[in-house]
Amino acid sequence: MAERLLLVEDDARLAEMLIEYLGGAGFRVAIAPSGGEALVRAANGDCAAIVLDLTLPDVDGLDVCRELRARTDTPILMLTARGEATDRIIGLELGADDYLPKPFEPRELLARLRAILRRRAAPTAVQLMRFGSLEIDLDARTLRVNGEAREITSHQFSLLVTLAQNAGRVLSREFLMDAVRGEELEAFDRSIDVHISRLRAAIEEDAKHPRRIITVRGVGYVFAKAQD
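Cut-offs and rules
- Residues numbered from 1 in each chain as written.
- Predicted model: local features only at pLDDT ≥ 70, side-chain atom pairs only at ≥ 80, totals over all residues.
- Heavy atoms only, no water.
- Helix = DSSP H or I, 4+ residues; strand = E, 2+ residues; numbered from the N terminus.
- Rg over C-alpha atoms; globule rule 2.2 N^0.38 Å.
- Contact = heavy atoms within 4.5 Å.
- Areas by Shrake-Rupley, 256 points an atom, 1.4 Å probe, with all protein chains shown as cover.
- Lys, Arg positive; Asp, Glu negative; His and termini not counted.
- Charge placed at Lys NZ, Arg CZ, Asp CG, Glu CD.
- Pairing = 2+ DSSP bridges.
- Axes fitted to C-alpha atoms, helices over the stretch in contact; angles between N-to-C directions.
- 1 Å grid on protein atoms, 1.4 Å probe; cavity = no way out; pocket = protein on both sides within 12 Å on 5 of 7 lines; lining within 4 Å.
- Points joined across faces, edges and corners; volume = space filled by probe spheres on them.
- Nonpolar A, V, L, I, M, F, W, Y, C, P; charged D, E, K, R; others polar.
- Parallel < 35°, antiparallel > 145°, perpendicular 65-115°, else oblique.
- Left-handed = near helix turned anticlockwise from the far one by under 90°.
- Buried < 20%, exposed > 50% of the residue type's maximum accessible area, 1.4 Å probe, protein only.
- Polar contact = N/O pair within 3.5 Å; in protein donor to acceptor, adjacent residues only side chain to side chain.
- Salt bridge = Lys/Arg side-chain N within 4 Å of Asp/Glu carboxyl O.
- Core = buried A, V, L, I, M, F, W, Y, C linked by side-chain atoms within 4.5 Å.

1. Considering the overall build of the chain
Thinking step 1. Of the regular secondary structure elements, the chain holds 8 helices and 12 strands.
Thinking step 2. Compactness check: the chain gives a C-alpha radius of gyration of 24 Å against a globular reference of 17 Å for 228 residues, more than 25% above the reference.
Thinking step 3. Taken over the C-alpha atoms alone, the chain extends approximately 70 × 35 × 25 Å along its principal axes.
Thinking step 4. Sequence separation of at least 24 residues holds for 55% of the intrachain contacts in the chain that already meet a minimum separation of 6.
Thinking step 5. Carbon together with sulfur atoms contributes 49% to the accessible area of the chain, which is approximately 12600 Å² in total.
Thinking step 6. Each charge class in the chain was averaged separately, 31 positive and 37 negative side chains, and the resulting centres sit 6 Å apart.

Here is the structure:
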């Protein structure tokens, strides 16, 4: 079955040319000549990819990109006649998967679309860290002990990951503070020691006699390599 593409392009001549070319390559192409219509059509969720022109008659294409990415993880390839690299960088930071400057060769557009779809179709390895009965799922940002989910905050999860990724290495409080300082989900305004205490309550059999997160007096903490 042919994959469906959504082409967000107000240039009717270019749109018709791409419908014919991409159709010959096995795609079904739907046209949205405006940003507003693109958001409506993308809501159906049946697009394999979205080709988005940044210059639209009703709204800035970057705003459309931002809104699309907030609603869907469908791959987005930007088309832009804008000369500024800043626009391309912003688009990629907003969640676009690739960009193509105008004018372009249709075969390059096709090649980039196929590359994006291959990347999305490739299976991704689940990122799990296991230490005995402790399981840290980096993708889902979840924590289990003996198969039972344990609730911790986002900052505490980041702190735990930092410790686990440096298992066997003594980490200072300053190092741990720096490692999680970029987190913006909540204010990290309490001491590392308080968060370590709460992590121990979540993952240790006996938080008063920890075997996973060990205090090195006067230095910091070490996450034990061998557990259970």
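2. A few points about the sheet that holds strand 2 (residues 27–32)
Thinking step 1. The 5 strands are arranged 2-1-3-4-5 in an open sheet whose pairing can be described as parallel. Every other strand in the sheet has two partners, leaving strand 2 and strand 5 (98–101) as the edge strands with one partner each. The mean angle between the axes of side-by-side strands here comes to 20°, regardless of whether they run parallel or antiparallel.
Thinking step 2. Two elements, strand 4 (residues 76–80) and strand 5, share 4 bridges in a ladder whose sense is parallel.

3. Comments concerning the layout of surface pockets
Thinking step 1. Roughly 170 Å³ of internal volume is contained in the largest pocket.
Thinking step 2. Contributing to the lining of the largest pocket are 14 residues, with R141, T142, L143, R150 and E151 lying nearest its centre.
Thinking step 3. Breaking the lining of the largest pocket down by element, the ones donating at least two residues are strand 7 (134–137), strand 8 (142–145) and helix 6 (154–165).
Thinking step 4. The biggest single contributor to the lining of the largest pocket is strand 8, with 3 residues.
Thinking step 5. Considering only residue class, the lining of the largest pocket consists of 5 nonpolar, 3 polar and 6 charged.

4. Overview of the packing of helix 3 (residues 61–71) against helix 4 (residues 85–94)
Thinking step 1. Close contact between helix 3 and helix 4 brings their axes to 9 Å; oriented N to C, the two are set at 10°. Here helix 4 runs roughly parallel to helix 3, going by the angle between their axes. Seen along the crossing, helix 3 lies across helix 4 with a hand that is right-handed. Across the interface between the two elements, L62, C65, R66 and R69 from helix 3 touch D87, I90, G91 and L94 from helix 4.
Thinking step 2. Residues that form the contact of helix 3 with helix 4 fall into these classes: 4 nonpolar, 1 polar and 3 charged.

5. Examining the side chain of S133
Thinking step 1. Among the structural elements, S133 can be located in the loop between strand 6 (128–131) and strand 7.
Thinking step 2. Using a relative accessible area of 18% as the deciding quantity, one classes S133 as buried.
Thinking step 3. A polar atom in the side chain of S133 sits 3.1 Å from the side chain of R212.

6. Topic: the pattern of salt bridges
Thinking step 1. Under the definition given, this model contains 12 salt bridges.
Thinking step 2. R41 is the salt-bridge partner of E37, the closest N and O atoms lying 3.0 Å from each other. Here E37 and its partner R41 are both found in helix 2 (residues 35–42), 4 residues apart, which amounts to about one turn of the helix.
Thinking step 3. Residue classification places E37 among the partly exposed positions, given a relative accessible area of 28%.
Thinking step 4. In this structure R41 comes out as partly exposed when scored by relative accessible area, which is 28%.
Thinking step 5. A salt bridge links D53 to K102; its shortest N-O distance comes to 2.9 Å. Pair noted here: D53 is in strand 3 (residues 49–53) and K102 is in the loop between strand 5 and helix 5 (106–121), with a separation of 49 residues, a long-range link.
Thinking step 6. Connected via shared salt-bridge partners are E9, D53 and K102.

7. With respect to the sheet that holds strand 10 (residues 170–172)
Thinking step 1. With antiparallel pairing, 3 strands are arranged side by side in an open sheet as 10-12-11. Strands with a single pairing partner mark the edges of an open sheet, and in this sheet they are strand 10 and strand 11 (213–216). Between one strand axis and the next, the sheet turns through 35° on average, direction left out of account.
Thinking step 2. Bridge count for strand 11 against strand 12 (residues 220–223) is 4 bridges, and the pairing is antiparallel.

8. Describing the nonpolar core
Thinking step 1. Counting 25 residues, the largest nonpolar core has I136, L163, I203 and F223 as its most contacted members.
Thinking step 2. The set of elements that each furnish at least two residues to this core consists of strand 6, strand 7, strand 8, helix 6, helix 7 (173–180), helix 8 (192–203) and strand 12.

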